[in-house]
Amino acid sequence: MDFYSDTNSNLKLKKKIMRRIYMIWLSKKLITPFAMEVVLGIILMILLASNFSFFNVWHNAPILSKPISLIYFLALAFINTELLVKLLLISSIIILYSLSQKMIKSVAYLLTKKDINFFFQTRKIKDI
């Protein structure tokens, strides 16, 4: 009787451990850094849209034919907004910049079949 309960608990423990191993393996296969960046960007945009009214800023902004007054308006609007909105806006811009950089590199590689660095010059490690 003791042997069966001990074996049963060992099997349950083994199944529990293997289930965790399979979940970790599956998450590593399914979740790439690019996918995580896209999901983070979407979450940031949703949070930004819930805390920030694009339409009110667009409505209050001066006309586009006066770019200096538009830049001045956007700078004052950014300075006078809440800290949370500032952080969300800055992080959204960083994520969008990173995604656009990767997209441009991918399109350029598909068109030319060469690795092109538009925004950053990277150093390649040479064998000595």
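Refer to the structure presented above.
Everything numeric in this text was worked out from a predicted model, so none of it was measured.

The next subject is the packing of aromatic side chains. For the coordinates displayed, the defined rule picks out 1 aromatic pair. Here Phe 52 and Phe 54 contribute two aromatic rings whose centre-to-centre distance is 4.8 Å and whose plane-to-plane angle is 85 degrees, an arrangement assigned as edge-to-face. On the basis of relative accessible area, Phe 52 is assigned to the partly exposed category, the value being 23%. The ring of Phe 78 carries Lys 86 above its face, with NZ or CZ at 5.9 Å from the centroid.

The subject of this paragraph is the pattern of salt bridges. Close approach of charged atoms allows side chains with opposite charge to pair. Applying the stated criterion across every chain yields a total of 1 salt bridge. Lys 102 is paired through a salt bridge with Glu 37; the nearest N and O atoms lie 2.4 Å apart. Of this pair, Lys 102 sits in helix H5 (residues 83-112) while Glu 37 sits in helix H2 (residues 33-51), and the two are 65 residues apart along the sequence. Overall, the relative accessible area of 34% leaves Lys 102 in the partly exposed class.

Our next topic: H2. Taking 1.5 Å as the rise per residue, H2 with 19 residues should run 27 Å; its terminal C-alpha atoms sit 27 Å apart, in good agreement. For H2, the full list of buried residues reads Glu 37, Gly 41, Leu 44 and Leu 48. Down the axis of H2, the smallest arc covering the buried residues is 70 degrees, so these residues share one side. Along H2, exposed side chains directed more than 90 degrees from the buried face belong to Ile 46 and Ser 50.

Procedures and definitions
Residues numbered from 1 in each chain as written. Predicted model: local features only at pLDDT ≥ 70, side-chain atom pairs only at ≥ 80, totals over all residues. Heavy atoms only, no water. Phe/Tyr/Trp six-rings, centres within 6.5 Å; stacked < 30°, edge-to-face > 60°. Buried < 20%, exposed > 50% of the residue type's maximum accessible area, 1.4 Å probe, protein only. Lys NZ or Arg CZ within 6 Å of the ring centre and 35° of its normal. Salt bridge = Lys/Arg side-chain N within 4 Å of Asp/Glu carboxyl O. Helix = DSSP H or I, 4+ residues; strand = E, 2+ residues; numbered from the N terminus. Expected span 1.5 Å × (residues − 1). Arc of directions from axis to C-beta.

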